[in-house]
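# Coordinate inspection notes
Okay, here's what each chain looks like letter by letter:
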Amino acid sequence: MKDKTCCFFGHRTINKTEGLKLQLCKIIERLIVDEKVDTFLFGSKSRFNDLCQELVTQIKEKYPHIKRVYVRAEYPYISNNYKNYLLESYEDTYYPERIIGSGRAVYVERNYEMINNSHYCIVYYDETNAPTKHKSGTKIALDYAIRKGKRIITLPF
């Protein structure tokens, strides 16, 4: 599964432009067609994730076999009603058991989970938008993906 999987992570706020959307669409479609990627992992709390989920959903109309998976960092146990609500936008959702009890590091640990289960990472990292007093979660995840030898596509170009 890992070879055919791509995750997304990035800053909570982004400069959402038509150019960025076009770049992302081209990248996602190239991964589907040329690299046979069929599973996309999404987190939350980020406008970049929201944009990527929106674009993958549009692209899914052309490639209905692709799968969108929401990796939760909140709510390890969910009701059937909430699960059904999430499955309106995703084909699957799960909460990684290994992140239970992670406390404030839960989003970092969730990102590690997505990276570990992906071959490709599409990252929105803008150094000029990163916090100056502490290392951003995006930078922590990006450094981890680099250490793990993932194929990384960093935006904005």
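What counts, and where the lines are drawn
Residues numbered from 1 in each chain as written. Predicted model: local features only at pLDDT ≥ 70, side-chain atom pairs only at ≥ 80, totals over all residues. Heavy atoms only, no water. Buried < 20%, exposed > 50% of the residue type's maximum accessible area, 1.4 Å probe, protein only. Helix = DSSP H or I, 4+ residues; strand = E, 2+ residues; numbered from the N terminus. Pairing = 2+ DSSP bridges. Right-handed = clockwise from strand over helix to strand, strands pointing away. Contact = heavy atoms within 4.5 Å. Polar contact = N/O pair within 3.5 Å; in protein donor to acceptor, adjacent residues only side chain to side chain. Axes fitted to C-alpha atoms, helices over the stretch in contact; angles between N-to-C directions. Parallel < 35°, antiparallel > 145°, perpendicular 65-115°, else oblique. Left-handed = near helix turned anticlockwise from the far one by under 90°. Nonpolar A, V, L, I, M, F, W, Y, C, P; charged D, E, K, R; others polar. Expected span 1.5 Å × (residues − 1). Arc of directions from axis to C-beta.

## So, the pairing of strand β1 (residues 5-10)
Burial of β1 is extensive: six of the six residues sit out of reach of the surface. Going residue by residue along β1, you find Thr5, Cys7 and Phe9 tucked away on one face and Cys6, Phe8 and Gly10 tucked away on the opposite face as well. Note that β1 and strand β2 (residues 39-42) share three bridges and pair parallel. Opposite Cys6, over in β2, you have Phe40 as the bridge partner. Taken together, β1, helix α1 (residues 18-34) and β2 constitute a β-α-β crossover, and its handedness is right-handed. Sheet topology places β1 next to strand β5 (residues 120-124); five bridges connect them, and they run parallel. Note on β5: the bridge partner recorded for Phe8 is Ile122.

## Topic: the environment of Ser46
Position of Ser46 among the secondary structure elements: in the loop between β2 and α2 (47-60). Looking at Ser46, the relative accessible area reads 6%, which means it is buried. Spatially, the C-alpha atoms of Ser46 and Glu88 are 19 Å apart, while their sequence positions differ by 42 residues. Beyond its immediate stretch of four places on either side in the chain, Ser46 contacts Gly10, His11 and Arg12. Within the structure, Ser46 has its side chain in polar contact with the backbone nitrogen of Asn49 (distance 3.2 Å).

## So, the packing of α1 against α2
For any two helices packed against each other, the geometry comes down to the angle between their axes and how far apart the axes lie. Interhelical geometry of α1 versus α2 gives an angle of 55 degrees and a closest axis separation of 10 Å. By the angle between their axes, α1 is oblique relative to α2. Read as a crossing pair, α1 and α2 show a hand that is right-handed. Packed against α1, whose contacting residues are Leu20, Lys21, Leu24, Cys25, Ile28 and Ile32, the element α2 presents Phe48, Leu51, Cys52, Glu54, Leu55, Val56 and Ile59 at the interface. The residue makeup of the contact of α1 with α2, split by class, is 11 nonpolar, no polar and two charged.

## Some words on α1
A rise of 1.5 Å per residue sets the reference length of α1, with its 17 residues, at 24 Å; its end C-alpha atoms lie 24 Å apart and thus fit the reference within 8%. Among the residues of α1, Leu20, Lys21, Leu24, Ile27, Ile28, Leu31 and Ile32 are the ones counted as buried. What you see down the axis of α1 is that its buried residues fit within an arc of 130 degrees, all on one side. Turned more than 90 degrees away from the buried face of α1 sit Glu18, Lys26 and Asp34, all of them exposed. Where the residues of α1 are buried, they touch β1, β2, α2, β5 and β6 (151-155). Immediately downstream of α1, the backbone of Lys36 shows phi near 65 degrees, a positive value.

As far as function goes, none of this settles anything; it's purely spatial.
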